[in-house]
Amino acid sequence: MKRKEFILNTSLAAASFSLLPSGSVFAGTAESKVRIAIIGTGLRGQNHLDLLLRRDDTEVVAICDVDNRMLTMSKDLIAKSGKKMPQVYTGNSDTWRKMLERERLDAVIIATPWEWHKPMIIGCLEMGIKYAGSEVILGITLQDHWDVVKAAEKYNGHVMMLENVCYRRDVMAVLNMVRQGLFGELIHLQGGYQHDLREVKFNDGVNPYGHGVEFGEKGFSEARWRTEHSVHRNGDLYPTHGIGPIAHYININRGNRFLTLNSFSSKARGLHDHIIKQGGESHPNAKVNFKLGDVVTTHINCANGETILLQHDTNLPRPYSLGFRVQGTEGLWMDVNKGIYIQEKSAKPHQWDEAKVWLDKYDHPLWIRWSKEAQGSGHGGMDFYVIHSFIESVKRKLPTPMDVYDAASWSAITPLSEQSIGLGNETVEFPDFTGGQWMYRKPAFALNDDY
Ligand SMILES: NC(=O)c1ccc[n+]([C@@H]2O[C@H](COP(=O)([O-])OP(=O)(O)OC[C@H]3O[C@@H](n4cnc5c(N)ncnc54)[C@H](O)[C@@H]3O)[C@@H](O)[C@H]2O)c1
């Protein structure tokens, strides 16, 4: 197929999305309940646990963690819910394998530190579990990403990265606008992870956020493991909140693909300065050399001609913003100034409309249908949707709307950006995890109001 024809076909496919409501069952009978386990009931795992406990179609049959404090917090949540206490697995860092062997499971949710995701996903698949939902980041090295893709193919399993930002209300309204052609043909996209994590990367070993400058063994929750990645690695360490939504906008792995990437890193000052300010010059951590540049920018070029700019910015003082920009031949959305501009449709030429007016008008059918259920769930409600999508896929025995190829290509940005920076900002090729199938695969994400 010629490239021009191909682009036409994919945009036709996108334009023909039906947003028709369709029936869905939320409650389940005892036999049809999804039997699920969670590995890693830390702070994120507990969010998922809470959402699962609220569902009548799901039974949490087992949980596993190595940390007693996290397990106690989880057991309290379960007790409060009035649901049956699941089997609790703990002991050492391999006890999760015992849980997978002993329990009859339809699905597993993995919310452990990044380095555990690959072995745990593959462990689930090897045990014949068909659905593995992993928190963001699939693996550490590029080879890890290939290993997960190959295992999913070998065992015919579904691996969904639980990328919740894809379900953010404004992100989904913009998806709706993109699919209805409001922005014209998409040209350039931006996003990223711009979140001051200094009080997440360091704490006092008791409180999860701030109150000290400890990390590693002396830290609690993410300070225990995440900070080490800032010591030893330089790259875009957390690309998926930005790239996930962007990938849906331009049908990555479904008519389009990432072709090449390069990354630049600034100097590293933020984490060291934070330690000095909060812990003093004499604190032992003042001697730590952080490899992660404070601002890492990554450029990606796509098969259909779009460019993407990603930013990773977690060590400096700043308000939270993922910095989305979706720009096409007819107009653009920028989330940081809460503005949308569509030529000949916006109120005044060359002036921003308040984005809210457009976002309300194009609210995605999923949000229209489920916003009551989403109320009170984490991150403004989007956490409900990612779990809902995963569980509904399990119930229907269907592929998850975001699959292992999506997970691998979004998460592989990390090792590729490290590689590019290591090579003096060289442009590196993006692997095609789909083995050429990206040309034929069709969009599957949020096509209706179901899940
Ligand atoms: N999508 C989001 O919005 C979001 C938000 C926060 C965290 N996350 C992701 O969730 C994951 C977990 O982060 P977190 O904030 O919950 O961290 P956390 O440190 O609070 O929790 C991780 C848990 O895993 C447990 N664990 C570690 N090794 C284990 C092993 N071998 N077996 C069993 N349990 C083990 C730890 O004891 C801990 O309780 C990470 O991938 C993180 O990036 C995503």
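Look a little higher up for the structure.
Everything quoted here is computed from the prediction, not taken from an experiment.

S.K.: Go over the site of the ligand, please, and point to the residues and values.
M.R.: Around the ligand sit 27 residues, and of these Gly 40, Gly 42, Arg 44, Asp 67 and Glu 135 come closest. Only helix 2 (43–53) and helix 5 (114–126) provide two or more residues apiece to the shell around the ligand. Per-element tally for the shell around the ligand: the top contributor is helix 2, with 3 residues. When grouped by side-chain class, the residues that make up the shell around the ligand number 12 nonpolar, 9 polar and 6 charged. The two domains that each donate at least three residues to the shell around the ligand are domain 1 (33–161) and domain 2 (166–364 + 405–439).

S.K.: Give a detailed account of the sheet that holds strand 10 (residues 307–313), specifying residues and quantitative values.
M.R.: What links the strands of a sheet is backbone hydrogen bonding, and the strands pair in either a parallel or an antiparallel sense. A sheet is described by the order of its strands in space; here 9 strands give the open sequence 14-13-12-11-7-10-9-8-15, paired in mixed fashion. The sheet is open, and its two borders are formed by strand 14 (353–354) and strand 15 (428–429), each paired with just one other strand. Here strand 8 (residues 258–265) runs beside strand 15; their pairing, made up of 2 bridges, is antiparallel. For Thr 260, the partnering residue across the bridge sits in strand 15 and is Glu 429. In the packing of helix 10 (residues 240–249) onto the sheet, the strands contacted are strand 7 (186–194), strand 10 and strand 11 (325–328), and the crossing angle to strand 7 comes to about 160 degrees.

S.K.: Break down the pairing of strand 7 for me, with residues and values.
M.R.: Most of strand 7 sits inside the fold, with 7 of its 9 residues counted as buried. Pairing analysis gives 4 bridges linking strand 7 to strand 11, with the strands arranged antiparallel. In the strand pairing of strand 11, Gln 190 is matched with Arg 325. As paired elements, strand 7 and strand 10 share 7 bridges and run parallel to each other. The residue bridging Leu 189 from the neighbouring strand is Ile 308, located in strand 10.

S.K.: So what's going on with the packing of helix 6 (residues 142–155) against helix 15 (residues 404–411)? Residues and values would help.
M.R.: It is at 10 Å that the axes of helix 6 and helix 15 come closest, and there the two elements cross at 180 degrees. In this view, helix 6 runs roughly antiparallel relative to helix 15, as classed from their interaxial angle. Where helix 6 abuts helix 15, its residues His 145, Val 148, Val 149 and Ala 152 lie against Val 404, Tyr 405, Ala 408 and Ser 411. Partitioned by chemical class, the residues of the contact of helix 6 with helix 15 number 6 nonpolar, 2 polar and no charged.

S.K.: Account for helix 14 (residues 382–396), naming residues and giving values.
M.R.: Its 15 residues give helix 14 an end-to-end C-alpha distance of 21 Å, which sits within 8% of 21 Å, the value for a rise of 1.5 Å per residue. Most of helix 14 is tucked away: 13 of the 15 residues are buried. Positive backbone phi, at 55 degrees, marks Lys 397, one or two positions downstream of helix 14.

S.K.: Could you give an account of the nonpolar core, naming the residues involved and the relevant values?
M.R.: Soluble, globular proteins show a tendency: their nonpolar side chains are buried together. In terms of nonpolar packing, the biggest core is built from 101 residues, with Ala 37, Val 108, Val 148 and Val 326 touching the most fellow members. With 8 residues, the top contributor of residues to this core is helix 14. Split by domain, this core shows at least three residues from each of two domains, domain 1 (33–161) and domain 2 (166–364 + 405–439). Filtering out sequence-adjacent residues up to four positions away, Val 108 remains in contact with Ile 36, Ala 37, Ile 39, Cys 124, Ile 129 and Ala 132. With 14 residues, the next largest nonpolar core counts Val 213, Leu 237, Ile 275 and Phe 290 among its residues.

Scoring rules and cut-offs
Residues numbered from 1 in each chain as written. Predicted model: local features only at pLDDT ≥ 70, side-chain atom pairs only at ≥ 80, totals over all residues. Near = placed C-beta within 6 Å. Helix = DSSP H or I, 4+ residues; strand = E, 2+ residues; numbered from the N terminus. Nonpolar A, V, L, I, M, F, W, Y, C, P; charged D, E, K, R; others polar. Domains from an automatic or database assignment. Pairing = 2+ DSSP bridges. Contact = placed C-beta atoms within 7 Å. Axes fitted to C-alpha atoms, helices over the stretch in contact; angles between N-to-C directions. Buried ≥ 20, exposed ≤ 12 C-beta atoms within 10 Å, placed from the backbone. Parallel < 35°, antiparallel > 145°, perpendicular 65-115°, else oblique. Expected span 1.5 Å × (residues − 1). Core = buried A, V, L, I, M, F, W, Y, C linked by C-beta atoms within 7 Å.

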